[in-house]
Structures are given as C-alpha cells and as structure tokens.
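Below are the chains, spelled out letter by letter.
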Amino acid sequence: MLTIYGSDLSGPAIKTRLTASYLGIDYKWQLVNLREKEQKQEWFLKINPAGKVPALDDDGFHLFESNAICKYLCDKYDSALYPKDIRKRAVIDQWIDFVSFHILAYYVPVMVNRLFAPLRGLPVDEKAMLDGENGLKQYFPLIEAQLTKNAFLTGTAVCLADIILFAVLEPTEMAKIDLSPYPKLTAWRSGLKKQPFYTRCYKEYGEMLKVPASR
Ligand SMILES: N[C@@H](CCC(=O)N[C@@H](CS)C(=O)NCC(=O)O)C(=O)O
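Everything quoted here is computed from the prediction, not taken from an experiment. Chains are numbered independently. Their residues run from 1 in the order of the written sequence. Only residues with pLDDT of 70 or above have their local features reported here, since the model is predicted, and side-chain atom pairs are shown and tallied only from 80 upward, although totals for entire chains, interfaces and linings are computed over all residues.

**Q** Is there a simple way to explain the site of the ligand in this structure?
**A** Being near a molecule or strand means, for a residue, that its backbone-placed C-beta atom lies within 6 Å of it. Near the ligand you find Ser10, Gly11, Pro12, Leu34, Gln39, Gly51, Lys52, Val53, Pro54, Glu65 and Ser66, and these make up its full shell. Throughout, the ten residues Ala, Val, Leu, Ile, Met, Phe, Trp, Tyr, Cys and Pro are labelled nonpolar, Asp, Glu, Lys and Arg are labelled charged, and all others, Gly among them, are labelled polar. A breakdown of the residues in the shell around the ligand according to their chemical character gives 4 nonpolar, 5 polar and 2 charged.

Spelled out as structure tokens, the structure:
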C-alpha cells in the first residue's frame, strides 16, 4: 500500500497529493496532526527523521521531501509529467528549482505573516512580509513570461513543475497575494482548478478552516 502522510494546509504535502491524484494512482492520504505534534512522534520519525510532512511509505520504502516524493511517483508510474528524456527532464527540474528557490522562498514569508501568524496569534514580521512581496514582484514576471509563450511551464502539456507551482500557490487568496498583474498565471491556475485531479482532492484550499456561520 502506498501512503502519503500529509496535512491539508501544507503546501509541500499538497504537491504530493496533487501529483498522486494527477497520476490517478491508488494511495492513502493519511493526515498527520501538526498541532498535536504527531510529526515528532517516534513512529513518524522512523518515516521522516526531519519530523515534517509530507512523507511517503510505499510498502516499507520511506521517502521525505516533497519534490523527491513527486519525482518518485512520476517515475514509478512512468508518467509524462516527468519524462525520461534528459533535456526535457532538465528543463522541468530547472522550473521546479526556480519555483522552490525564487518563488516559494519569497511566498512563504508573505503567507506565514499574513495568514498563519494571525491565525495562530503569533507576531507578524512586517519586514519579512515586505521583502517577500518584493521578491515575488521580481520573479512572478518570469513565470508570466513563460506562460505567455506556452500554455504550461515547459510547453503545451502539464508537467511536474506546473503541479508543484500550482500547489505552492494554493494559499494565494487566503494570504491576499495579488496575482492580478499576471493574467496568464491567473488563467493557468483557473484552468488547473477545474481539472479532475484537483476537484477529486478538495473544493478549495483552506476549506477546513471555514467554520459554519451557525457555530
Ligand atoms: N522541504 C520540505 C518542507 C516540509 C515542511 O516544512 N513541512 C511542514 C508543513 S508545510 C511541517 O511539517 N512542519 C511541521 C514541523 O516542522 O514540525 C518539503 O518540501 O517536503
């Protein structure tokens, strides 16, 4: 049995969940209660010694780090999301790294300070948030330019870098990150949100945070 240990609010975990869903594989999505520090319990540290989600258990084969898990799944199921051709793969890796080091690195401080810090009653670091927003203004245009040339990051078909970027951007509305200066990026997100691999997982990011009005 293939199990992915994750959390519904974790971007890295969502990457792996959306990848597994895109591949249409049979897997178990096992929630780890981060608030209760389940990720630091002995049983989980045997799967991921870093004590973080996501982690994968594929019949006793353990793996952590979301990008590595996504690549493993694509390779295991021989998916065109992550082709074997070395040049095609290198370009996909390039965009995966770009997303990790130049989008995520700036996105996280904005998301943490605008969404998670207030939710958890933690202090907000205004400078980190501003630096993050400035970084995003520097690097989102490269994504926009790419999506102006092609429907997807590396061409006419969805690739693993698209899924990874898409997952990273999930908290955008809740974190009030303005994507309106990037119409191609906005349209690309809307298109992916309509696809079954997404709608199979959940309706919208953060839905579990919404408390019914009567309560
Ligand atoms: N680089 C890791 C990041 C994993 C990560 O930071 N996970 C967070 C949730 S988004 C976590 O488990 N935090 C709990 C903790 O650190 O105790 C990946 O991509 O898998």
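And the narrative resumes.
**Q** So what exactly am I meant to see when it comes to the sheet that holds strand β3 (residues 55-58) here?
**A** Strand pairing within a sheet occurs via backbone hydrogen bonds; the two strands may be parallel or antiparallel. Only strands that DSSP links by at least two bridges are regarded as paired with each other. Where helices and strands are cited, they refer to DSSP runs of H or I of at least four residues and of E of at least two residues respectively, numbered from the N terminus. Read from one edge to the other, the open sheet built from 4 strands follows the order β2-β1-β3-β4, with strand pairing classed as mixed. What marks the edges here is a single partner per strand, and that holds for β2 (28-31) and β4 (61-64). Strand-to-strand twist of the sheet, defined as the mean angle between neighbouring strand axes without regard to direction, takes the value 20 degrees. Across 4 bridges, the pairing between strand β1 (residues 2-6) and β3 is antiparallel. Residue pairing for β3: Leu2 is matched across the bridge by Asp58. All axes here are fitted lines through C-alpha atoms, helices being fitted over the stretch that makes contact, and every angle between N-to-C directions spans 0 to 180 degrees.

**Q** Can you walk me through the pairing of β3 in this structure?
**A** If a strand is regular, its side chains alternate between the two faces of the sheet. Summarising the sheet, β3 and β4 pair through 4 bridges and their orientation is antiparallel. Along β4, the bridge assignment pairs Asp57 with His62. Between β3 and β4, which pair antiparallel one after the other, the connecting turn spans 2 residues, and Asp59 there sits at a positive phi close to 50 degrees.

**Q** It is not clear to me how the domain arrangement of the chain should be interpreted in this structure. Could you clarify?
**A** In many reports, interface size means the accessible area that the parts give up when they come together. Residue ranges assigned to the domains are those given by an automatic or database domain assignment. For the chain, the assigned domains are domain 1 (2-76) and domain 2 (86-195). Distance from the C-alpha centre of domain 1 to the C-alpha centre of domain 2: 21 Å. We call two residues in contact whenever the C-beta atoms placed from their backbones are within 7 Å. If you look at the interface, domain 1 gives 10 residues, while domain 2 gives 9 residues. Elements represented by at least two residues in the side of domain 1 that touches domain 2 include exactly α1 (11-23) and α3 (66-76). A total of 6 residues in the side of domain 1 that touches domain 2 trace back to one element, the largest contributor, which is α1.

**Q** Is there a simple way to explain the packing of helix α4 (residues 86-120) against helix α5 (residues 126-149) in this structure?
**A** A pair of packed helices is characterised by two quantities: the angle between their axes and the separation of those axes. Their axes nearest at 8 Å, the elements α4 and α5 cross at an angle of 145 degrees. Pair α4 / α5 crosses with left-handed handedness. Across from His102, Ile103, Ala105, Tyr106, Tyr107, Pro109, Val110, Asn113 and Arg114 in α4, the residues of α5 making contact are Ala128, Met129, Asp131, Gly132, Glu133, Gly135, Leu136 and Tyr139. Residue composition of the contact of α4 with α5, grouped by class: 10 nonpolar, 4 polar and 3 charged. For a crossing to be left-handed, the near helix must be turned anticlockwise from the far one by less than a right angle; the clockwise case is right-handed.

**Q** It is not clear to me how the environment of Leu81 should be interpreted in this structure. Could you clarify?
**A** Mapped onto the fold, Leu81 is located in the loop between α3 and α4. For Leu81 and Cys159, which are 78 residues apart along the polypeptide, the C-alpha to C-alpha distance reads 4.2 Å. The contact partners of Leu81, leaving out residues within four places of it in the chain, are Tyr22, Cys74, Val158, Cys159, Leu160 and Ile163.

**Q** I tried to follow the environment of Lys40 on my own but got confused; where do I start?
**A** Here Lys40 is to be found in the loop between β2 and α2 (42-45). Buried residues are those with 20 or more other C-beta atoms within 10 Å of their own C-beta, exposed residues have 12 or fewer, and partly exposed residues lie in between; C-beta atoms are placed from the backbone. Look at Lys40 and you get exposed, because 12 C-beta atoms sit within 10 Å. Apart from the residues lying within four places of it in its own chain, the contact partners of Lys40 are Leu45 and Gly51.

**Q** Teacher, can you tell me more about α4 here?
**A** The α-helix winds at 3.6 residues per turn, so residues separated by three or four positions along the chain end up facing the same way. Helices are assigned an expected span. That span is 1.5 Å times one less than the residue count. Taking 1.5 Å per residue as the helical rise, α4 with its 35 residues ought to reach 51 Å, whereas the 44 Å between its terminal C-alpha atoms falls clearly short. To get the bend at any residue, fit one axis to the seven residues that end at it and another to the seven that begin at it, then take the angle between the two axes. Where α4 bends most, the angle comes to about 45 degrees, and this point is Leu104. Burial in α4 covers these residues: Ile92, Trp95, Ile96, Val99, Ile103, Tyr106, Tyr107, Val110, Met111, Asn113 and Leu115. Considering only its buried residues, α4 is in contact with α3, α5 and α6 (160-168).

**Q** Sorry if this is basic, but what is going on with α3 here?
**A** All of the buried residues along α3 are Ser66, Ile69, Cys70, Lys71, Leu73 and Cys74. Looking at the buried side of α3, the elements it contacts are α1, β3, β4 and α6. Where α3 ends, the next residue or the one after it, Asp78, has phi of about 50 degrees, a positive value.

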